[in-house]
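# Analysis of the macromolecular model
Residue-level listing of the chains:
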Amino acid sequence: MKPFPKPDWSAILNEMGETREDYFRAVSPPIVQSSNFAFKKVDDLRQAFADEMGGYLYSRGLNPTVDILRKKLAALDGAEDALVFNSGAAAIFAGVLANVKSGDHIVSVKAPYTWVQKMFDVILPRFGVTTSYIDGKTVDQWKEATQPNTTFYYLESPNSWDYSLQPLREVASFAKSKNIVTLIDNSYCTPYFQRPIELGIDLVMQTATKYISGHSDTLGGVLSGSAAQVRKIFESEYLNIGSGIQPFNAWLLIRGLRTLPMRLERIERSTQVVLDHLKKHPKVEKLIFPLDPSFPQYELALSQMRGACGLFTLVLKDRSMESIVRFCESLRHFLMAVSWGGHESLVIPKCAGMDPKGYDPDQIEHRYIRIYVGLEEPEHLIADLDQALEGL
Ligand SMILES: *Cc1c(COP(=O)(O)O)cnc(C)c1O
């Protein structure tokens, strides 16, 4: 792991935002399950209406349990402020919507997260906002795709299937020179392994459903940025869409955060053990993992990420879809499911998302099998992978 200036993880995860004298010195914060907050003075109520970000009025805006989480997540991102949503998709939607208007043009990495693609292709065109897709691996591609009406860049680095990266410092610096707002999906790395604000990106989104929760028991999404950006989004999209995280889910995420570094370090070690084993396996053609020296953008990964873990993609030598299906269905400990970042190891084949008639073994993406390594012992996982490979 390459060191770069780190926040004080221990203080953020164990202390920040936790004013225990306000709640009986309880070690675990209370779940303030209240929709509204009472006032004694009309003037105070008037003040709350005038500035809903200034205090507690109604839980569609601010809520004390959510605020504890919000402070911690902003600090982890190195951002001035953050908002926490009921899902990652909602966080992205608000972040994009707040920064585009009719007639604007967006440049996005190709094949962003499914629901982002849907927003760009189906929803935003109805309001006169268009999107161009690029693979985005060099800053020149971003420059070439930029039109006079481009106001927004959408990045995802690494993505969660082939782990393609964008050169974040260079793209952010070019965007700044053109007054273009940048938003990155940082879900793969979390702020533990990559801190895009420090590299010049304006808005950082991560789904909290994955590593922040860590237990596959709640959804959530984080959007971090400058105080001005966060206030703008809070006062319009956040309050209007009404998709802020609920207090109980926020409490689960605070609990998940306590062990985030431990879990990621454990998963990082296990992933390496599993990868080292699979690399030598005669039935495996290819493994894709951004911090493997064979990864085409390995140097770039080292320059902007401090680590990587959990997710990697496997390609079998056997090119048939039947073998992919047999492999996935014969795993006993890896569950076949979407998502990742929880305690449990997972597998998902790319071909599950397509019409089987369209399967083409010459397109290597069709053969992708995504593996997520969870908190189990790596030997337990390796034995399972071995027996499934043996059955081919
Ligand atoms: C899961 C995921 C999202 C969306 O997050 P939700 O919490 O499921 O809405 C966005 N980006 C990536 C890369 C994801 O894996």
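Residues numbered from 1 in each chain as written. Predicted model: local features only at pLDDT ≥ 70, side-chain atom pairs only at ≥ 80, totals over all residues. Heavy atoms only, no water.

## Side note on the overall build of the protein
- Along the backbone of the protein there are 14 helices and 12 strands.
- The C-alpha atoms of the protein give a radius of gyration of 22 Å, which matches the 21 Å a tight globule of 392 residues would have.
- Classification of the 392 residues of the protein by burial places 54% in the buried group.
- Residue pairs in contact within the protein that sit at least 24 positions apart in sequence constitute 73% of those at least 6 positions apart.
- Of the roughly 17300 Å² of accessible surface on the protein, a fraction of 54% belongs to carbon and sulfur atoms.
- Side chains of the protein carry 42 positive and 47 negative charges; the gap between the two charge centres is 2 Å. (Helix = DSSP H or I, 4+ residues; strand = E, 2+ residues; numbered from the N terminus. Rg over C-alpha atoms; globule rule 2.2 N^0.38 Å. Buried < 20%, exposed > 50% of the residue type's maximum accessible area, 1.4 Å probe, protein only. Contact = heavy atoms within 4.5 Å. Areas by Shrake-Rupley, 256 points an atom, 1.4 Å probe, with all protein chains shown as cover. Lys, Arg positive; Asp, Glu negative; His and termini not counted. Charge placed at Lys NZ, Arg CZ, Asp CG, Glu CD.)

## Some points on the sheet that holds strand 5 (residues 181-185)
- The strand order 1-7-6-5-4-2-3 describes an open sheet built from 7 strands, whose pairing is mixed. Edge positions in the open sheet fall to strand 1 (81-85) and strand 3 (130-134), since each of these has one partner strand only. Each strand axis lies, on average, 20° off the axis of its neighbour in the sheet, ignoring direction.
- Taken strand by strand, helix 3 (residues 64-77) contacts strand 1, strand 6 (203-207) and strand 7 (221-225), and its axis lies near 125° from that of strand 1.
- Along the sheet, helix 5 (residues 114-123) makes contact with strand 2 (105-109), strand 3 and strand 4 (150-156), crossing strand 3 at roughly 135°. (Pairing = 2+ DSSP bridges. Axes fitted to C-alpha atoms, helices over the stretch in contact; angles between N-to-C directions.)

## Quick look at the side chain of Gln166
- With respect to the helices and strands, Gln166 occurs in the loop between strand 4 and helix 7 (168-177).
- Since its relative accessible area comes to 1%, Gln166 is described here as buried.
- Setting aside anything within four residues of it in sequence, one finds Gln166 in contact with Val109, Gly136, Trp142, Leu155, Glu156, Ser157, Leu300 and Gln304.

## Notes on the sheet that holds strand 10 (residues 335-336)
- Here we have 5 strands laid out as an open sheet, ordered 8-9-12-11-10, and mixed in their pairing. Each edge of the sheet is formed by a strand with only one pairing partner; in this case those strands are strand 8 (284-288) and strand 10.
- Taken together, the 4 bridges between strand 11 (residues 346-349) and strand 12 (residues 369-372) define a ladder with antiparallel strand orientation. Opposite Val347, over in strand 12, you have Ile371 as the bridge partner.

## Notes on the site of the ligand
- If you check the shell around the ligand, you find Ser87, Gly88, Ala89, Tyr113, Glu156, Asp185, Ser187, Thr207, Thr209, Lys210, Gly220 and Trp340 and nothing else.
- Calculation on the ligand without its partners gives an accessible area of 380 Å², and the protein chains cover 92% of this total.
- Of the residues belonging to the shell around the ligand, the class tally is 3 nonpolar, 6 polar and 3 charged. (Near = heavy atom within 4 Å. Nonpolar A, V, L, I, M, F, W, Y, C, P; charged D, E, K, R; others polar.)

## Details of the packing of helix 4 (residues 88-97) against helix 9 (residues 227-241)
- In the contact formed by helix 4 and helix 9, the axes pass within 10 Å of each other and the chain directions differ by 135°. With respect to their mutual orientation, helix 4 and helix 9 come out oblique. Where helix 4 crosses over helix 9, the two elements pack in a sense that is right-handed. Listed contacts from helix 9 to Phe93, Ala94, Gly95 and Leu97 of helix 4 are Ile233, Glu237 and Ile241. (Parallel < 35°, antiparallel > 145°, perpendicular 65-115°, else oblique. Left-handed = near helix turned anticlockwise from the far one by under 90°.)

## Quick look at the environment of Gly55
- One can find Gly55 in the loop between helix 2 (42-50) and helix 3.
- Judged by its relative accessible area of 25%, Gly55 is partly exposed.
- For the pair Gly55 and Phe37, spaced 18 residues apart in sequence, the C-alpha to C-alpha distance is 9.6 Å.

## What to know about the nonpolar core
- Leu278, Phe312, Phe327, Ile369 and Ile371 are the most contacted members of the largest nonpolar core, which totals 71 residues.
- At 7 residues, helix 3 tops the list of elements feeding residues into this core.
- Two domains share this core, each providing at least three of its residues, namely domain 1 (9-257) and domain 2 (260-390).
- Residues contacting Ile371, with those up to four places away along its chain left out, are Gly310, Leu311, Phe312, Leu314, Phe327, Phe334, Leu346, Val347 and Leu385.
- Counting residues in each nonpolar core, the second largest holds 47 residues, with Ala90, Phe152, Leu155 and Phe234 among its members. (Core = buried A, V, L, I, M, F, W, Y, C linked by side-chain atoms within 4.5 Å. Domains from an automatic or database assignment.)

## What about the domain arrangement of the protein?
- Assigned domains within the protein: domain 1 (9-257) and domain 2 (260-390).
- Spacing between the C-alpha centres of domain 1 and domain 2 amounts to 28 Å.
- Taken together, the 33 residues of domain 1 in the interface contact 37 residues of domain 2.
- Across the domain 1 to domain 2 interface the summed buried area is about 3100 Å²; carbon plus sulfur atoms make up 60%.
- Among the residues of domain 1 in contact with domain 2, Trp161, Phe193 and Tyr211 are the three that bury the most area, contributing 30% of the side total.
- Summed over the shared surface of domain 1 and domain 2, the result is 20 residue pairs in polar contact (both at pLDDT 80 or more).
- Here the side of domain 1 that touches domain 2 gets 3 residues from one element, more than from any other, and that element is helix 8 (residues 190-193).
- Partitioning the side of domain 1 that touches domain 2 into residue classes produces 16 nonpolar, 13 polar and 4 charged. (Buried area = accessible area lost by both parts, 1.4 Å probe. Polar contact = N/O pair within 3.5 Å; in protein donor to acceptor, adjacent residues only side chain to side chain.)

## Observations concerning helix 3
- Relative to the 20 Å expected for 14 residues at 1.5 Å per residue, helix 3 spans 20 Å between its end C-alpha atoms, a close match to the ideal helical length.
- For helix 3, a buried count of 13 out of 14 residues is recorded, marking the element as mostly surrounded by other parts of the structure.
- Put simply, Asn63 is the residue that caps the front of helix 3, since its side-chain oxygen is 2.9 Å from the backbone nitrogen of Thr65.
- Gly78 lies just past helix 3 and shows a positive phi near 70°. (Expected span 1.5 Å × (residues − 1).)

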